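Here's the letter readout for the chains.
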Amino acid sequence: MTDDALERARQLNRTGHDAAARQAYMEVLRSDPTNVYALIELGNLALAGGFRSAAETAYAEAIKHHPANPIARVNLANVLRADNDSAAAKLQYEAALEIDARMHEAHQGMAWVMQDIDRETAEKHLRMGFEGRALITKPYRGAEIGIPLLLLVCARGGNIPTDLWIHDRRFTIHALYPEFCDPRVALPPHALVVNAIGDADLCAAALSRCREVLAHSRAPLINQPTRVQATGRAEIARRLGAIPGVIAPRIDTLPAAAILKADNLKFPLLLRRPGFHTGEHFVYVANPSELPKAIGSLSAAEELLLISYLDARGADGMSRKYRVMFVDGVIYPLHLAISADWKVHYFSSAMAQDASFREEERRFLEDMPAALGATAMRALRQICTTLDLEYAGMDFAVAADGSILLFEANATMVVFPPSPDAMWDYRRRAIDTVLAAASSMLLKHARGV
């Protein structure tokens, strides 16, 4: 009976009936609470729907009852990795490799957790994880025949999060890792190519390989790799800084020793390791005496980004960071985060604590031109044209004269759906609009409209 119920849940899952599949898996677990297949697949279903906490619970329960199951451990590690809990993820990847030393997915995860600890070991795991696994076809869960899509991704990270707008119920997704791909091997049939490799600083090798890999593809291409290559933090600051109405920081890429020896630095300044986002490995240096300690905290990097500091504080002393998305040539407001800290991120901002800040964000989302002003809007339109990417985004502040203070502009911008709390209802329409625009863009290009 359990086998039949499990197969029913799987069939519902395969055809994209998520709610019914979830209920069917729960029915299996009611009769067999330790069923490892139901627990893992229920976790996968939760993860596909964006419910990471529920997925983590399901995987942990599978490990509790089946500690020798490497799949459950790798899946849990992947969730922990997404939450930036590298220490906990490392324990699970190591446990999986003790069970199965050749498990590709575990080696892939270990490459990620070891990148800041031991680069040589990370590269070893990277090779063991991806050699012979350069092309992976993901499960398709649609009722109709899926549109075949070739997704270019970098094995080292730095990819655009696409799960919320490249749907596995509409597209059959073939994920290709160019660094480990043999360009002589024929590509799978595909109606569209999406280059999800977004970080020009981290993914230079992968982006360079894309030209050779795509030499025989005639399909429409989203985010031409050569255009993404021109969006490294230093280069994009120089390019966009030439646009009227844009104030961009000076960014130099220098060895740590050269920064320490420099006698012409202007403080405060910022230091950052290339290839990282969400504020990782990114520090503020107020004066020369703080420089050695700051560099020491980033010492794993051979080179650092030396960034001039742009003061994004308003008259109230709070720093503001706007995010807009550029989708197929259209500018969409995504969010405004306000914080007492210079390093502004939505998850650590003061938005939840201050209703007036949320009201300010609501006005931006509902009437972006009125919130930003004519100077900023002209600059944004020129930036969108200059980037010339079908999918990208930008973080910035607005100066007192209406100019844009550029933080970053590239393809790796994340679209985070808000929590279910009613407090955030005013944000949902803007986020849904961006995701719908990205999904529509794919269909438009795949069909050659």
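Visitor: It is not clear to me how the sheet that holds strand β13 (residues 391-398) should be interpreted in this structure. Could you clarify?
Guide: Picture the strands of a sheet paired through backbone hydrogen bonds; they go either parallel or antiparallel. Read from one edge of the open sheet, five strands run β6-β14-β13-β11-β12, paired in mixed fashion. Edge positions in the open sheet fall to β6 (246-247) and β12 (330-339), since each of these has one partner strand only. Bridge count for strand β11 (residues 319-327) against β13 is six bridges, and the pairing is antiparallel. Opposite R323, over in β13, you have D395 as the bridge partner. Where helix α11 (residues 233-241) meets the sheet, its contacts fall on β6 and β14 (404-410), and the angle it forms with β14 comes to roughly 135°. The sheet strands contacting helix α14 (residues 355-366) are β11 and β12, and the helix crosses β12 at an angle near 170°.

Visitor: Whenever I open this one, the side chain of Q92 confuses me. Can you help?
Guide: Mapped onto the elements, Q92 comes out in helix α6 (residues 86-99). At a separation of 2.9 Å, a polar atom in the side chain of Q92 contacts the side chain of R73. Ignoring sequence-local partners within four residues, the contact set of Q92 consists of I63, R73, L76, A77 and L80.

Visitor: Could you clarify how one ought to interpret α14 in this entry?
Guide: Side chains of residues three or four places apart in an α-helix project in the same direction, reflecting 3.6 residues per turn. Its twelve residues place the ends of α14 16 Å apart at the C-alpha level, agreeing with the 16 Å of an ideal helix rising 1.5 Å per residue. For α14, the secondary structure elements touched by its buried residues are β11, β12, α15 (368-372) and α17 (425-446).

Visitor: Is there a simple way to think about empty space enclosed by the protein in this case?
Guide: Once rolled over the atoms, a probe with the size of a water molecule shows which space is left empty. According to the stated counting rule, one finds two cavities of 30 Å³ or more in the structure shown. As a volume, the second largest cavity reaches approximately 40 Å³. In terms of lining, the second largest cavity is formed by T231, R233, I236, I251, F407, E408, A409 and N410. At the level of elements, α11 and β14 are the ones that each hand at least two residues to the lining of the second largest cavity. By residue number, the principal contributor to the lining of the second largest cavity is β14, which donates four residues. Partitioned by chemical class, the residues of the lining of the second largest cavity number four nonpolar, two polar and two charged.

Visitor: Looking at this model, I keep getting lost on the sheet that holds strand β9 (residues 282-285). Mind explaining?
Guide: The strand order β7-β10-β8-β9 describes an open sheet built from four strands, whose pairing is antiparallel. Among the strands making up the open sheet, the edge pair consists of β7 (251-255) and β9. Neighbour-to-neighbour, the strand axes of this sheet turn through a mean angle of 30°, independent of strand direction. Pairing between β7 and strand β10 (residues 303-308): five bridges, direction antiparallel. Counterpart to D252 in the pairing with β10 is L306. Lying on the sheet, α11 is in contact with β7, β8 (269-272) and β10; it crosses β7 at an angle near 155°.

Conventions we followed
- Residues numbered from 1 in each chain as written.
- Predicted model: local features only at pLDDT ≥ 70, side-chain atom pairs only at ≥ 80, totals over all residues.
- Heavy atoms only, no water.
- Pairing = 2+ DSSP bridges.
- Helix = DSSP H or I, 4+ residues; strand = E, 2+ residues; numbered from the N terminus.
- Contact = heavy atoms within 4.5 Å.
- Axes fitted to C-alpha atoms, helices over the stretch in contact; angles between N-to-C directions.
- Polar contact = N/O pair within 3.5 Å; in protein donor to acceptor, adjacent residues only side chain to side chain.
- Expected span 1.5 Å × (residues − 1).
- 1 Å grid on protein atoms, 1.4 Å probe; cavity = no way out; pocket = protein on both sides within 12 Å on 5 of 7 lines; lining within 4 Å.
- Points joined across faces, edges and corners; volume = space filled by probe spheres on them.
- Nonpolar A, V, L, I, M, F, W, Y, C, P; charged D, E, K, R; others polar.

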